[in-house]
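Structural description and commentary
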Amino acid sequence: MTDQTRRTWAEIHLDRLERNYRKLRALAPGSAFGGLVKANAYGHGAVQTAKRLEELGTDWLLVACLDEALELRQAGIRTPILILGYTPVEYTAELMHWDITQTVYDPDMAQQQSRAALSAGGRLRCFLKADTGMSRLGVLADEAHMQQAADTLEKMYRLKGLAPVGLFQHFSDADTCPDYSHMQIRRFETLKGMLAERGCVFSVYSACAGAATLNYPQAHYDLIRPGILLYGHLPDPACEGLIQVEPVMEVKSRIASVKALPKGTCISYGRTYTLQRDSVVAAVPIGYADGLFRLLSGRQEMLLHGRRVPQIGRVCMDMCMLDVTGVEGVQPGDVVTVFGDGLPLEEKAECLGTITYELLCAVSPRVSRVYEA
């Protein structure tokens, strides 16, 4: 036991991260690789994950916001960083100072960023973004607006304070809908061609996140940017069989108490569970403040001594209870696997009607990250 593993912790297997990275790079050998480390690297720890990706030779690190980018730069990470989301214009000079590339997706904001960059004595490195069907960020580039999109992006490209490096888009449904995804590819190709005819050429074109990397090799272009696949989970069950990746995170805790309780005893808040037999019940110090959602109450299992045991009663803020009846030799300090090897996170996600992304990101900061080589 260490200070980090005395209560509840997440084991981050960096060797698995490396193997996933190499498999994903092999899918697009002619493309650069963008490592997604936004949202604290999907809960895995942004700095430590980014450092390993940098050692492995990733070409880009991708984050959601300026704070995430600064965390990496201030930790000494030198790999090119692209912010995928919004940064207020007031921080343009800071982007330039720290050599951070910004996504530019709005023409009015682009003009403000250009002026701010010129005032700071330079040009802002950026990727321009087209909206080919995600309907989130980007210049709208559907068939009805393609000419306008090309006009707008050309004006952004030629702003004196911007230094456009790339042009990219994002798939909306690359997991399950080929027709829609092929339409997005056609739109992106049309836009690329129109801009090239105007002399607007980029060094990096990018379209594919994880599912698209698996399903649409014709759209790999210059940069792929897999997210959840890097951390060992499929973007969607529809991707089953396309690649084998290894979950990088396991969450573990320890038995805090063990007690024999008679039939008819009520368990936890609200007395939602009553023992149907004389039982042995263990308390485990993990709860919804650690990211174990209360909605999982009584609907999940954990691993103890190599056996699955049911969680019973309501999940509390800091604890939950397990029925360990029949498991030999259970005592305080024994390690419990909340999810990980032998207990896929996908089971909890399916139970909640959500995705693994959300559950990984929900693992709270007070859960220590322990890094395994």
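Let me begin by describing the structure that accompanies this report. Keep in mind that what you see is a predicted model, and the values were worked out from it rather than measured.

**As for the environment of Ala-196**
As for its placement among the helices and strands, Ala-196 is situated in helix α8 (residues 178–197). According to the relative accessible area criterion, Ala-196 is partly exposed, its value standing at 39%. For Ala-196 and Asn-215, which are 19 residues apart along the polypeptide, the C-alpha to C-alpha distance reads 26 Å.

**Some remarks on the pattern of salt bridges**
Counted under the stated rule, the structure contains 19 salt bridges. A salt bridge links Glu-11 to Lys-252, with the nearest nitrogen and oxygen atoms 3.3 Å apart. On the criterion of sequence distance, the pair formed by Glu-11 in strand β1 (residues 9–13) and Lys-252 in strand β11 (residues 249–254) is long-range, its members being 241 residues apart. Using a relative accessible area of 13% as the deciding quantity, one classes Glu-11 as buried.

**Notes on the packing of aromatic side chains**
With the rule as written, the count across this model stands at 9 aromatic pairs. Relative to Tyr-357, the ring of Tyr-42 has its centre 6.2 Å away and its plane inclined at 35°; by these criteria the two rings are tilted. Here Tyr-357 lies in helix α11 (residues 356–362) and Tyr-42 lies in helix α2 (residues 38–42), a separation of 315 residues in the sequence. Taken together, the ring pairs in this structure connect Tyr-42, Tyr-231 and Tyr-357 into an aromatic cluster. The aromatic ring of Tyr-205 is capped on one face by Lys-192, whose charged end is 4.8 Å from the ring centroid.

**Observations regarding the side chain of Glu-250**
Position of Glu-250 relative to the elements: it lies in strand β11. It is Arg-16 that comes nearest to the buried, bridge-free Glu-250 among opposite-charge side chains, at 4.2 Å. Side chain to side chain, Glu-250 and His-13 meet in a polar contact 2.8 Å long. Of note is the side chain of Glu-250, whose polar atom sits 2.8 Å from the backbone nitrogen of Asp-341. If sequence neighbours within four positions are ignored, Glu-250 has contacts with Trp-9, Ala-10, Glu-11, His-13, Arg-16, Phe-339, Gly-340 and Asp-341.

**Let's talk about the layout of surface pockets**
Volume-wise, the largest pocket comes out at about 680 Å³. Looking at the largest pocket, it is lined by 29 residues, and the ones nearest its centre are Lys-38, Arg-136, His-170, Ala-209 and Tyr-357. Those elements giving two or more residues to the lining of the largest pocket turn out to be α2 and α9 (210–215). Per-element accounting of the lining of the largest pocket gives the leading share, 3 residues, to α9. Of the residues assigned to the lining of the largest pocket, the class counts are 17 nonpolar, 5 polar and 7 charged. The calculated volume of the second largest pocket comes to roughly 440 Å³.

**Describing the pairing of strand β6 (residues 124–131)**
The element β6 is largely enclosed, with a buried count of 7 among its 8 residues. Sheet topology note: the strand β5 (residues 100–104)/β6 ladder contains 3 bridges and is parallel. Counterpart to Gln-102 in the pairing with β6 is Cys-126. In the sheet, β6 pairs with strand β8 (residues 162–168) via 6 bridges, with the strands oriented parallel. Within β8, the position partnered with Phe-127 by the bridge is Gly-166.

**Overview of the environment of Pro-164**
The topology assignment puts Pro-164 in strand β8. The spatial distance from the C-alpha of Pro-164 to the C-alpha of Val-245 is 34 Å, given a sequence separation of 81 residues. Leave out the neighbours within four places in its chain, and Pro-164 touches Arg-123, Cys-126, Leu-128, Tyr-157 and Phe-202.

**Re the pairing of strand β9 (residues 204–208)**
β9 sits mainly inside the fold: 5 of its 5 residues count as buried. Here β8 pairs with β9 via 3 bridges, running parallel. Across the sheet, residue Gly-166 finds its bridge partner in β9, namely Val-204. Bridge count between β9 and strand β10 (residues 223–224): 2 bridges; the pairing is parallel. Bridge pairing in β10 places Ser-206 opposite Leu-223.

**Structural notes on the packing of helix α1 (residues 14–27) against helix α3 (residues 46–56)**
Packing of α1 against α3 brings their axes to within 11 Å, and their N-to-C directions diverge by 50°. Put simply, α1 runs oblique to α3. You can see that α1 and α3 cross each other, and the crossing is right-handed. Mapping the contact onto sequence places Leu-14, Asp-15, Leu-17, Glu-18, Tyr-21 and Arg-22 in α1 and Thr-49, Arg-52, Leu-53 and Leu-56 in α3. Looking at side-chain class alone, the contact of α1 with α3 contains 5 nonpolar, 1 polar and 4 charged residues.

Analysis parameters
Residues numbered from 1 in each chain as written. Predicted model: local features only at pLDDT ≥ 70, side-chain atom pairs only at ≥ 80, totals over all residues. Heavy atoms only, no water. Helix = DSSP H or I, 4+ residues; strand = E, 2+ residues; numbered from the N terminus. Buried < 20%, exposed > 50% of the residue type's maximum accessible area, 1.4 Å probe, protein only. Salt bridge = Lys/Arg side-chain N within 4 Å of Asp/Glu carboxyl O. Phe/Tyr/Trp six-rings, centres within 6.5 Å; stacked < 30°, edge-to-face > 60°. Lys NZ or Arg CZ within 6 Å of the ring centre and 35° of its normal. Lys, Arg positive; Asp, Glu negative; His and termini not counted. Polar contact = N/O pair within 3.5 Å; in protein donor to acceptor, adjacent residues only side chain to side chain. Contact = heavy atoms within 4.5 Å. 1 Å grid on protein atoms, 1.4 Å probe; cavity = no way out; pocket = protein on both sides within 12 Å on 5 of 7 lines; lining within 4 Å. Points joined across faces, edges and corners; volume = space filled by probe spheres on them. Nonpolar A, V, L, I, M, F, W, Y, C, P; charged D, E, K, R; others polar. Pairing = 2+ DSSP bridges. Axes fitted to C-alpha atoms, helices over the stretch in contact; angles between N-to-C directions. Parallel < 35°, antiparallel > 145°, perpendicular 65-115°, else oblique. Left-handed = near helix turned anticlockwise from the far one by under 90°.

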